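Observations on chain architecture
The residues making up each chain are set out below.
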Amino acid sequence: MSLNFNVNRLVRSNVAKLQPYSSARDEFKDFDQDMVFLDANENPFENGVNRYPDPQQRNLKSVLADQKNVDTNQILLGNGSDEVLDLIFRAFCEPKEDGIITLPPTYGMYKVLAETNDIENKEVLLTSDFEPDVNAILQTANEKSKLLFLCSPNNPTANSFSASKIERLLNEFDGIVVIDEAYIDFSPNESWAIKLNQYPNLIVTQTLSKAYGLAGIRLGICFASAEIISVLNKIKPPYNVNELTQQRALKRVTDLDSIKKEVETILQERIKIEKSLSQIPFVKKIYPSDANFILAKVDDANTRYQQLLNKGIVVRNRSTQPLCEETLRFTVGTEKENNSLITALKALI
Ligand SMILES: *Cc1c(COP(=O)(O)O)cnc(C)c1O
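All figures in this text were calculated on a predicted structure; none of them were measured in a lab. (Residues numbered from 1 in each chain as written. Predicted model: local features only at pLDDT ≥ 70, side-chain atom pairs only at ≥ 80, totals over all residues. Heavy atoms only, no water.)

**Comments concerning the environment of Ala 291**
Here Ala 291 lies in the loop between strand 8 (283-286) and strand 9 (293-298). Classification of Ala 291 as buried rests on a relative accessible area of 0%. For the pair Ala 291 and Glu 115, spaced 176 residues apart in sequence, the C-alpha separation works out to 28 Å. Setting aside chain neighbours within four positions, we find Ala 291 in contact with Ala 158, Tyr 183, Phe 186, Leu 267 and Arg 270. (Helix = DSSP H or I, 4+ residues; strand = E, 2+ residues; numbered from the N terminus. Buried < 20%, exposed > 50% of the residue type's maximum accessible area, 1.4 Å probe, protein only. Contact = heavy atoms within 4.5 Å.)

Rendered as structure tokens:
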């Protein structure tokens, strides 16, 4: 990215101008048990959650900052990555005017968010080996292209994109590059968050929904320059991460050992499923995975999907996605669940 990158050039003018809502808990930050808090119209009777949560989630951010080697002001937390992604749209994309670039086959939310926010979505297909087509992307981009979404490891193709391709896009795309790392903890690659100081146009999103096993609490993480984070902070709902979520997330992120063990088990199980799939004659291709799921091409995806369903096993049919004709996506489950899948597949031979 050019050294004269200026975030303010990309921010919507109404967002640049707006004065954020100042919550009671923002105005008086230094929470101290001995203070008498009569400022937020809360019910004073203690039940553990009668007070508004910390709008800046400082305890959780300080642990994450240490672990991820970033500053706390380079982190924004949201109600799942979905909220984080929506905030990015609303900060940078002027409805009916600006555009984004996405690379199908990929995560469906970018498109839905573009439609919700009335933003043009230019789609540039991945190449046949599921890599970004860098030249085509740069040719498609114009002065209205504010955001480029790279999902790596990519859902549903399961591969990570080549680092040199991502680097070229970071250097040459003239807007913000959002790298969605929902599956990074299953991958041998390092997070791009370590390159934040090198690329002022980089946003990295992660989530506690996959490797961390907390899909139910909704906690999404955004890493970016302090400048980008302060723009997103202006428009985020003040109490977007509730108290129960903050407590539960803090407990989990301070127990990295159990997360690591679960991830290792999932990766071993993934190898086991891959081996079994390779012995099933109607499985035509197994794509390499850096994630907790496997994409496989079968002879007839609709039929195989329905047959598995009849045996009580729900997988995802990804055949409607471009480049994914006749594919099924298998999430790695527990050992028992995976054995049921393998038994069911073998019975269909
Ligand atoms: C599952 C997934 C997410 C997670 O979204 P949350 O809202 O944090 O649960 C984000 N991006 C991709 C590509 C995913 O597959």
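**Considering the site of the ligand**
With respect to spatial proximity, 13 residues lie near the ligand, and among them Tyr 183, Thr 207, Ser 209, Lys 210 and Arg 218 are the closest. Contact between the ligand and Thr 207: an oxygen atom at 2.6 Å from a side-chain N or O atom of the residue. Protein contact buries 93% of the 390 Å² of open area that the ligand shows by itself. Looking at the shell around the ligand element by element, the count peaks at three residues for helix 5 (residues 80-92). Grouping the constituent residues of the shell around the ligand by class yields four nonpolar, five polar and four charged. (Near = heavy atom within 4 Å. Polar contact = N/O pair within 3.5 Å; in protein donor to acceptor, adjacent residues only side chain to side chain. Areas by Shrake-Rupley, 256 points an atom, 1.4 Å probe, with all protein chains shown as cover. Nonpolar A, V, L, I, M, F, W, Y, C, P; charged D, E, K, R; others polar.)

**Regarding the side chain of Lys 68**
By the secondary structure assignment, Lys 68 is in helix 4 (residues 58-68). For the buried Lys 68, no salt bridge is present, and the opposite-charge side chain at shortest range is Asp 185, 4.5 Å distant. Beyond its immediate chain neighbours, meaning those up to four positions away, Lys 68 contacts Gln 206, Tyr 212 and Phe 223. (Lys, Arg positive; Asp, Glu negative; His and termini not counted. Salt bridge = Lys/Arg side-chain N within 4 Å of Asp/Glu carboxyl O.)

**Quick word on the sheet that holds strand 11 (residues 327-331)**
Read from one edge of the open sheet, four strands run 8-9-11-10, paired in antiparallel fashion. Whereas interior strands pair on both sides, the edge strands pair on one side only; in this sheet they are strand 8 and strand 10 (316-317). With three bridges joining them, strand 8 and strand 9 adopt antiparallel strand pairing. Paired with Lys 285 across the bridge in strand 9 is Lys 297. In the packing of helix 11 (residues 256-278) onto the sheet, contacts are made with strand 8, strand 9 and strand 11, and the angle to strand 9 comes to roughly 10°. (Pairing = 2+ DSSP bridges. Axes fitted to C-alpha atoms, helices over the stretch in contact; angles between N-to-C directions.)

**Description of the side chain of Thr 157**
Mapping Thr 157 onto the fold places it in the loop between strand 4 (145-151) and helix 8 (163-172). Using a relative accessible area of 0% as the deciding quantity, one classes Thr 157 as buried. One polar contact links Thr 157 to Asn 154, side chain to side chain, over a distance of 3.0 Å. Engagement of the side chain of Thr 157 in a polar contact is seen with the side chain of Asn 159, the distance being 2.5 Å.

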